Amino acid sequence: MNVLELMKIRRIFFDGGTGSLLQEKGLKPGEFPETWNLLYPHIIEDLHRAYLDAGADVITTNTFGLNRFKFKPDGEWTVRELAKAAVGNARRAVEACGHGYVALDLGPTGRLLAPYGDLAFEDACSVYREVVGAGAAAGADLIIIETMGDSYELKAAVLAAKECSHLPVFATVTLDEKGKMLTGGDVESVTALLEGLGVDVIGLNCGLGPIQLLPFLKKMVSVASVPVLVNPNAGLPRSDNGHTVYDIDSNAFAAAMKKLAEAGAFILGGCCGTTPDHIQKTRAWCSDIPLPVLEDKGRTVVSSYSHAVTFGGRPVLVGERINPTGKPRFKQALREHDISYILNIGAAQQESRADVLDVNVGLPGIDEAAMMETVVTELQSVLDLPLQIDTSDVKAMERAMRIYNGKPLINSVNGKKEVMEQIFPLVKHYGGVVVALCLDEDGIPETADGRIAVAKKIYKTAESYGIAKKDILIDALCMAVSSDKNGALVTLETVRRVRDELGGQTVLGVSNVSFGLPMREHINAAFFLMALQNGLSAGIINPNLEAMMAVYDSFLVLTAKDENCAGYVGRYASREAEKKTRQEKKETALPNGSEKAARLDTGQVSGLKKSILRGMIQTAGEASREALRQSDALTIINEEMIPALDEVGKGFEAGTVFLPQLLMSAEAARAAFAVLKESMAAGGGAQKKRSKVILATVKGDIHDIGKNIVKVLLENYSFDVIDLGRDVAPETVVERTVTEHAPLVGLSALMTTTVVSMEETIRRLRDRAPWARIMVGGAVLTREYADSIGADMYCKDAMASVKFALSCEEALGVKEIPM
Amino acid sequence: MTADRREVLRYLGYGGHAADEAVTVLIAECENELSEAATPRFVSQMLLLRRLMDGSLDCGFFRTDSKKLSKTLSGCGQVLVMAATLGAGVDRLLARYGRLSLTKAVVMQATAAALMEAYCNELCTGWREEYERKGLYLRPRFSPGYGDFPLSCQEGLLNGLQAGKRIGITLTEGSLMMPSKSVTAVIGISENKEFCTVTGCEICEKTDCAYRR
């Protein structure tokens, strides 16, 4: 009988702590416990036997910190042999005691995943695969992934466990006293992630004692559809003369464990500070408590790294703006790899209260899979909203689902056999809620009956892949009413019937309905309201449109989903006051004074130069639009912007303007440039760019703020900046410098330790790109230091790099680039 | 725990100058967002300090022949080893504004650094009082990277404290701590009060530093 079968018949128990027991046996501070698998196998085996004798059913191998970072391939011990030995020690204990299961233990790697740290997601998977492969081959019965504080690393470990073995996978995370993981996830988000990935048992361990874990355990039990495991510490730690001791004894521990069992915990065990005595008492106190009844909670839920969004309560708003369709500026951003532009669109929608962001970056001529991976990575590192991966490119879909930090929404599948065969295996493997369009090989059914039939077919096929109805959102599809007068009615009927007859959740792209009509907002808002009233679970909308949000907020009030109308009042009370003031103003305004003239009088609109000098980012764009009425873009740049930037730059050098002000001016100028660029593009002209500058933060260094400041300033002076990012290998810098024939390279390093790679980069540049001049900067550098590593120029701040770039260009005669 | 405004401005290169209103408002905004996002945590442990024959120091978690550390710890038989962090949420904020607003990112960096400093000071003040009750005195905290105390000691120090598992501090390949607003330090425990007063910036011998107080 395997462990999954046994745990459904009777309550099973995990073992307890290892570290403190090994310290008692002589493990020294700083010594790696995993080495004892080979050094003192009998001690490890005895430890396992002690737990089995105390009544543990599952023992965890002594492999918590086993990975290639601690045990290098060329070191004294390899990961493979330690894993094999660890499982061997546990297996011998099981055989000697005549019962028990061996759980291969996987802990955190000790490294932080990119983009915050420097461990790539796939590398993390591969670190875990190495341990899983060896442990499974050596005869482990299951895999326990534990003490995880980062949901992203957790996902890497689960994927490795599932892709490299067929063993049952248990996974437990560590929470702080507020119920949060180290990188911010909560019980609901991690439950969504783990259930999506198909983990067999989920739970909590370490960090807190059984008393503190109770509320979080209850929360997990209330949302989880799989059994819950809890392995607490022996209470809260305190330091007693330099030693860690825990605040409750084994009796108090067992009593608290009983409460956890009564609250719905399925499997019990211990973590730091717990001993065979703790486990024996826990078993004695808890083995008679009946197992909780397992039930599928039927929750439709997606998650980001930080939180979950559920469907079926307050209707969910999916922001539709990250999509190039019909947006020339967005297409340009994709072509130019301008990710910041896309991130800003995401941030604006979050501010407008989107719950989920749709991400569509498909454009002919770009590598959609690579772009999707970049955009999803960047979005999830900057914003905390769950994402809806929207693509018809299966490769892009899989890439995004794999690297997504949570349980995504997937857009989309439909009733076509071929599409279901492609998408459902991905949903099964990576987890997700999938949007299912009511169409198939025969097209879009004209009647609600037809669409319901397709929905049923999709549910049934999904089920054959092990995907439950709860993980599907039916998209009833919405046709333009201008071409089909009954279009909206059929859609609304379908939405209602999916809810009432199929008990399913629905989603709609709302904006299609008004295609071909003027003032589309009117139709969209009315249709959105009707769909909500017919039970729509989620709307894919533009949350920046006031009309849509007004309808949504009113709907919540009118359907008793906004307690005491608090949300509505909070949002609109101040607007009411504003409206009154505006009305009063209007009534008292001079008869022939236009509103614009009045605003000019109050001095709210200021000149472009003033906007830049004062760093007024908000007014700079408007001011340049104003300026364009009088003059052309090039004149504005040369006569207003550059002199303003020069003035600010001089002030900075003189010590009268400080860094934040310099940056505000630079950002104001950038906002103005964006407007001027559009105007030049419309006129068919383009601003002449200055020469190319390659910028990079050197290998090993991930501080990039200084480099980013230099970039913005250089761009304001029209340099063609090629930003290679941070942690850039010397060969990458050299290659780009050669292929771009760049006359100037800027390198940044913050740490003494990374100046070494700066030196290496310079050496290689001299060798292969002897024409390039090299400027360097960063906290640890000095002029002498820069000279000693062979740089042409040390720039003490960003303005200094602009000056050097200008002087280089002068020396080169502007456009001549030596080869 | 609040960031010292003068420190924030010093990090931003203001020296002794005052900030204008826009920047003052921005700092306040950053402070608010940071206190929402920060999850300050620490671990510490008292260790015996051994001086080896070759003059190097061994506290169990790491060995070093740093002269500067040796000087700071002269006469101490024990050390308090600490690791503290503002947590991953702060790095998310920094990344967010690094993408959305460079000005705010820079001010956020400075404010977060000052906040980290304030947190460490708060911890040290607490320990100082605790040890003084036992008749012991704490030396100023000294971190890997100060003077000739190499960053490579960071790994042993963090492993020994189990800082990864307990408070989420990890190292990159280049020995940088992540979350970025994290500090490790060694604090000498002494039976007499001398050498225990100089703290912070002034401990450093680089007197021509642009950011010196």
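Overview of the structure. (Residues numbered from 1 in each chain as written. Chains lettered and ligands numbered in written order. Predicted model: local features only at pLDDT ≥ 70, side-chain atom pairs only at ≥ 80, totals over all residues. Heavy atoms only, no water.)

### Brief notes about the overall build of chain A
Put simply, the rule reads: Only DSSP runs of H or I covering at least 4 residues are called helices, and only runs of E covering at least 2 are called strands; the numbering of each starts at the N terminus. Both definitions apply: the radius of gyration is a C-alpha atom measure, and the globule rule equals 2.2 Å times residues to the power 0.38. Working definition: with a 1.4 Å probe on protein chains only, accessible area under 20% of the residue-type maximum means buried, over 50% means exposed, and in between means partly exposed. Note on definitions: a residue-residue contact is assigned when non-hydrogen atoms from the two residues lie within 4.5 Å. Each accessible area value is a Shrake-Rupley result obtained with a 1.4 Å probe; residue values ignore everything except the protein chains displayed when judging cover. We score Asp and Glu as negative and Lys and Arg as positive, and we do not count His or the chain ends. Here the site of a charge means NZ on Lys, CZ on Arg, CG on Asp, or CD on Glu.
Scanning chain A for helices and strands turns up 31 helices and 24 strands. Here chain A has a C-alpha radius of gyration of 31 Å; the compact-globule value for 819 residues is 28 Å, and the two agree. Considering only C-alpha atoms, chain A reaches an extent of 90 × 75 × 50 Å along its principal axes. Per-residue burial over chain A gives 54% buried out of 819 residues. Within chain A, contacts between residues at least 6 apart in sequence are counted, and of these 74% link residues at least 24 apart. Here chain A has roughly 34,400 Å² of accessible surface; of this, 52% comes from carbon and sulfur atoms. Charged side chains in chain A number 89 positive and 105 negative. The centres of these two groups are separated by 3 Å.

### Examining the interface of chain A and chain B
In many analyses, interface size is given as the accessible surface area lost on bringing the parts together. Using the following cut-off: The term buried area denotes the loss of accessible surface (1.4 Å probe radius) that occurs when two parts are joined, taken as the sum for both partners. Take a side-chain nitrogen of Lys or Arg and a carboxyl oxygen of Asp or Glu: if they are within 4 Å of each other, that pair is a salt bridge. For the purposes of these results, a polar contact is taken to be a pair of N or O atoms within 3.5 Å, where, inside protein, one atom must be able to donate a hydrogen and its partner to accept one; residues adjacent in sequence count only when each atom of the pair is a side-chain atom. Classes in brief: Ala, Val, Leu, Ile, Met, Phe, Trp, Tyr, Cys and Pro nonpolar; Asp, Glu, Lys and Arg charged; the others, Gly included, polar.
Listed as interface residues are 49 residues of chain A and, on the opposing side, 40 residues of chain B. Contact with chain B buries area across many residues of chain A, yet Tyr116, Leu182 and Phe658 of chain A alone supply 16% of it, more than any other trio. Connecting chain A to chain B are two salt bridges. Between Asp176 of chain A and Arg41 of chain B there is a salt bridge, and its shortest N-O distance comes to 2.4 Å. Taken together, the connections running from chain A to chain B amount to 13 residue pairs in polar contact (both at pLDDT 80 or more). Counting only elements with at least two residues in the side of chain A that touches chain B, the list comes to helix 13 (339-351), helix 14 (368-382), helix 26 (659-682) and helix 27 (705-716) of chain A. Tallied by class, the residues present in the side of chain A that touches chain B amount to 24 nonpolar, 18 polar and seven charged.

### Describing the sheet that holds strand 5 (residues 78-85) of chain B
Residues and elements named next belong to chain B. What counts, and what does not: One requirement defines pairing of two strands: DSSP has to find at least two bridges between them. Lines fitted to C-alpha atoms define the axes, with helix axes restricted to the stretch in contact, and inter-axis angles between N-to-C directions lie between 0 and 180 degrees.
Read from one edge to the other, the open sheet built from four strands follows the order 1-5-9-6, with strand pairing classed as antiparallel. If you trace the sheet from one side to the other, it starts and ends with strand 1 (41-48) and strand 6 (137-138), each paired once. Relative to strand 9 (residues 182-190), strand 6 runs antiparallel, the two being bridged by two bridges. Bridging across to strand 9, Leu138 finds its partner in Ile189. Along the sheet, helix 5 (residues 102-133) makes contact with strand 1, strand 5, strand 6 and strand 9, crossing strand 5 at roughly 150°. Here helix 6 (residues 153-161) sits on the sheet in contact with strand 1, strand 5 and strand 9, set at roughly 85° to strand 5.

### Details of the sheet that holds strand 17 (residues 472-475) of chain A
Residue and element names in this part refer to chain A. If you trace the eight strands once around the closed barrel, you get 12-13-14-15-16-17-18-19, paired in parallel fashion. Adjacent strand axes in the sheet meet at a mean angle of 30° when their direction is disregarded. Where strand 15 (residues 409-414) meets strand 16 (residues 433-437), five bridges bridge the pair, whose relative direction is parallel. Across the sheet, residue Ile410 finds its bridge partner in strand 16, namely Val434. Across the sheet, helix 14 lies against strand 12 (316-322), strand 13 (356-359) and strand 14 (387-390), angled at about 175° from strand 14, the strand it touches most. Along the sheet, helix 16 (residues 417-430) makes contact with strand 15 and strand 16, crossing strand 15 at roughly 150°.

### Digging into the nonpolar core
Put simply, the rule is: Working definition of a nonpolar core: buried Ala, Val, Leu, Ile, Met, Phe, Trp, Tyr and Cys residues. They are joined through side-chain atoms within 4.5 Å.
Judged by nonpolar contacts, the single largest core of 136 residues is most densely connected at Ile145, Leu154 and Leu217 of chain A. With eight residues, helix 7 (residues 151-164) of chain A is the single largest residue contributor to this core. Every residue in contact with Ile145 of chain A, bar those within four places of it in the chain, is listed here: Leu106, Leu154, Ala157, Val158, Ala161, Val169, Phe170, Ala171 and Thr172 of chain A. With 90 residues, the next largest nonpolar core counts Ala672 and Ile709 of chain A together with Leu93 and Ala114 of chain B among its residues.

### Comments concerning unusual backbone geometry
Cis geometry marks the peptide bond from Ala114 of chain A to Pro115 of chain A; its omega dihedral reads 10°. Inspection of the secondary structure assignment puts Pro115 of chain A in the loop between strand 2 (101-106) and helix 6 (121-137). In this structure, Pro179 of chain B follows Met178 of chain B across a cis peptide bond, with omega equal to 0°. The topology assignment puts Pro179 of chain B in the loop between strand 8 (177-178) and strand 9. Phi is positive for Asp727 of chain A, close to 55°, though the residue is something other than glycine. Looking at the element boundaries, Asp727 of chain A is found in the loop between strand 21 (720-723) and helix 28 (730-740). On the basis of relative accessibility, which here comes to 26%, the residue Asp727 of chain A falls in the partly exposed class. For Gln162 of chain B, which is not glycine, the phi dihedral falls at a positive 55°. Following the sequence through the fold, Gln162 of chain B ends up in the loop between helix 6 and helix 7 (163-167).

### Quick look at the side chain of Asp118 of chain A
Take Asp118 of chain A: it is sitting in the loop between strand 2 and helix 6. Only 3.3 Å separates the side chain of Asp118 of chain A from the side chain of Arg111 of chain A, close enough to count as a polar contact. A distance of 2.7 Å separates a polar atom in the side chain of Asp118 of chain A from the backbone nitrogen of Glu173 of chain B. Apart from the residues within four sequence positions on either side, Asp118 of chain A is in contact with Arg111, Leu112 and Asp727 of chain A together with Thr172 and Glu173 of chain B.

### Details of the pattern of salt bridges
All names here are of chain A. Inspection of every chain in the model, using the stated rule, returns 51 salt bridges over all chains. Among the ionic pairs, Asp449 bridges to Arg497, the shortest N-O distance being 2.8 Å. Placement of the pair is Asp449 in helix 17 (residues 448-464) and Arg497 in helix 18 (residues 487-500), with a sequence separation of 48 residues. Linking Arg497 and Glu493 is a salt bridge whose minimum nitrogen-to-oxygen distance equals 3.1 Å. Remark: Glu493 and Arg497 occur in helix 18; sequence separation between them is four residues, near one turn of the helix. Under the relative-accessibility criterion, Glu493 is labelled partly exposed at 31%.

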